[in-house]
Amino acid sequence: ALQRAVLAGDPPALPPAVWAEAFEQAVFPLLTELLRQWVAATDAAEQERLMLRGVTLLSKAFLHHLSGLLSLRSFHLLWLRALELLEQFLRAPQSELLAEAVPETLKNMLLVMGASGAFESRARVGDTPQTLAQLTAAVVETMCPQLSGSPDLAGLW
């Protein structure tokens, strides 16, 4: 139901702040709960599949609503929270499936965001002396070093 709601054909005419709130109140807590359940999972294969679906939901929903979300002054906070969750999924113990899927998902998100102009602004974000591109590059370097040197992403930052 959540997937249908956030990925409906054309995004309903809701303000971007409402979509940001949907991420904060529904999508992010769902992913956090999946991570919490991973620790106590009795059926690791099923839990791993659920976690993969969660990563896919985050990616698709985020990119589906990207144009509106980019207009928010707090977009960088939403993006950093999404990156934080992706990193936690990447670090899920003994999950080869997620170890392969999360970097590929992140790469696709970065490419779409780059194509949409998300990293073009040279404006500093929040209280940092960095641009969104610089913040993202720093997180990606720590989280997934193999991606930061990827030729596909070379032009992003």
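Residues numbered from 1 in each chain as written. Predicted model: local features only at pLDDT ≥ 70, side-chain atom pairs only at ≥ 80, totals over all residues. Heavy atoms only, no water.

**Concerning the overall build of the protein chain**
Where we set the bar: Numbering of helices and strands runs from the N terminus; a helix is a DSSP stretch of H or I covering at least four residues, while a strand is a stretch of E covering at least two. Based on C-alpha atoms, the radius of gyration is set beside the globule rule, defined as 2.2 Å times the residue count to the power 0.38. In this description, contact between two residues means that some pair of their heavy atoms is separated by no more than 4.5 Å. Surface accessibility in these figures is a Shrake-Rupley result with a 1.4 Å probe; residues are shielded only by whichever protein chains are displayed. Residues scored as charged are limited to Lys and Arg (positive) and Asp and Glu (negative), so that His and the chain ends carry no count. Note on charges: their place is set at NZ of Lys, CZ of Arg, CG of Asp or CD of Glu.
Counting its regular elements, the protein chain contains 8 helices and 0 strands. Its C-alpha atoms give the protein chain a radius of gyration of 16 Å, within 12% of the compact-globule value 15 Å for 157 residues. C-alpha atoms of the protein chain, sized along the principal axes, occupy 45 × 40 × 30 Å. Counting contacts in the protein chain only where the partners sit at least 6 residues apart, residues at least 24 apart contribute 67% of the total. Entry remark: accessible area of the protein chain is about 8,400 Å², with carbon and sulfur atoms responsible for 55%. The distance from the centre of the 11 positive side-chain charges to the centre of the 16 negative ones in the protein chain is 3 Å.

**Some thoughts on helix α2 (residues 16–40)**
Rule in force here: Here a helix's expected span is defined as the number of its residues, less one, multiplied by 1.5 Å. Bend angle per residue: angle between axes fitted to the 7 residues ending at that residue and the 7 residues starting there.
Here α2 contains 25 residues, and its C-alpha end-to-end distance of 36 Å stays within 8% of the 36 Å for a straight helix at 1.5 Å per residue. Of all the bends in α2, the largest measures some 35° and sits at F23.

**Quick look at the packing of α2 against helix α5 (residues 75–90)**
Worth spelling out the cut-off: Under this scheme, a helix contributes an axis fitted over its contacting stretch, all axes are lines through C-alpha atoms, and angles between N-to-C directions fall in the 0 to 180 degree range. Each angle is binned into one of four classes, with values under 35 degrees roughly parallel, values over 145 roughly antiparallel, values of 65 to 115 roughly perpendicular, and all other values oblique. Should the near helix be turned anticlockwise from the far one by less than a right angle, the crossing is left-handed, and should it be turned clockwise, the crossing is right-handed.
Orientation of α2 relative to α5, taken along the N-to-C sense of each, is 15°, at an axis distance of 11 Å. Here α5 runs roughly parallel to α2, going by the angle between their axes. Crossing of α2 against α5: the hand is left-handed. Here α2 contributes A20, F23, E24, F28, L31, T32, L34 and L35 to the contact with α5, which in turn contributes L78, R81, A82, L85, Q88 and F89.

**Concerning the nonpolar core**
The condition is simple: Among buried residues, those of type Ala, Val, Leu, Ile, Met, Phe, Trp, Tyr and Cys that are joined through side-chain atoms within 4.5 Å constitute a nonpolar core. In this scheme, a residue with accessible area under 20% of its type's maximum is buried, one over 50% is exposed, and one in between is partly exposed, where area comes from a 1.4 Å probe on protein chains only.
F23, F62, L69, F75, W79, F89 and L106 are the most contacted members of the largest nonpolar core, which totals 45 residues. Contributions of two or more residues to this core are made by α2, α3 (44–64), α4 (66–69), α5, α6 (96–115) and α7 (132–143). Those residues in contact with L106 that lie beyond four places of it in its chain are W79, L83, L86, V140, M143, C144 and L147.

**Some thoughts on α5**
Counted at 1.5 Å a residue, the expected span for α5 with its 16 residues is 22 Å, and the 22 Å between its end C-alpha atoms agrees. Taken together, the buried residues of α5 touch α2, α3, α4, α6 and α7.

**Notes on the packing of α3 against α5**
What counts, and what does not: Side-chain classes follow a simple rule in which Ala, Val, Leu, Ile, Met, Phe, Trp, Tyr, Cys and Pro form the nonpolar group, Asp, Glu, Lys and Arg form the charged group, and the remainder, Gly included, forms the polar group.
Contact geometry of α3 with α5 gives a least axis separation of 11 Å together with a crossing angle of 160°. Judged by the inter-axis angle, α3 sits roughly antiparallel to α5. Considering how the two elements wind past one another, α3 and α5 form a crossing that is left-handed. Contact with α3, carried on its side by M51, V55, L58 and F62, involves F75, L78, W79, A82, L86 and F89 of α5 and no other residues of that element. Along the lines of polarity and charge, the residues of the contact of α3 with α5 split into 10 nonpolar, no polar and no charged.

**What about the side chain of T105?**
Assignment of secondary structure puts T105 in helix α6. Note on T105: relative accessible area 13%, which makes it buried. Those residues in contact with T105, other than ones at most four positions away along the chain, are V55 and S59.

**Points about the pattern of salt bridges**
For the record, the criterion: In the sections that follow, a salt bridge refers to a side-chain nitrogen of Lys or Arg positioned within 4 Å of a carboxyl oxygen of Asp or Glu.
One pass over the structure, following the stated rule, counts 5 salt bridges. E84 serves as the salt-bridge partner of R81, at 3.4 Å between the closest nitrogen and oxygen. You can see R81 and its partner E84 sitting in helix α5, 3 residues apart, about one turn around the helix. Classification of E84 as partly exposed rests on a relative accessible area of 37%. Ionic pairing is found between K107 and D152, a salt bridge with its closest N-O pair at 2.6 Å. Within this pair, whereas K107 is found in helix α6, its partner D152 is found in the segment after α8 (145–148), the two being separated by 45 residues in sequence.

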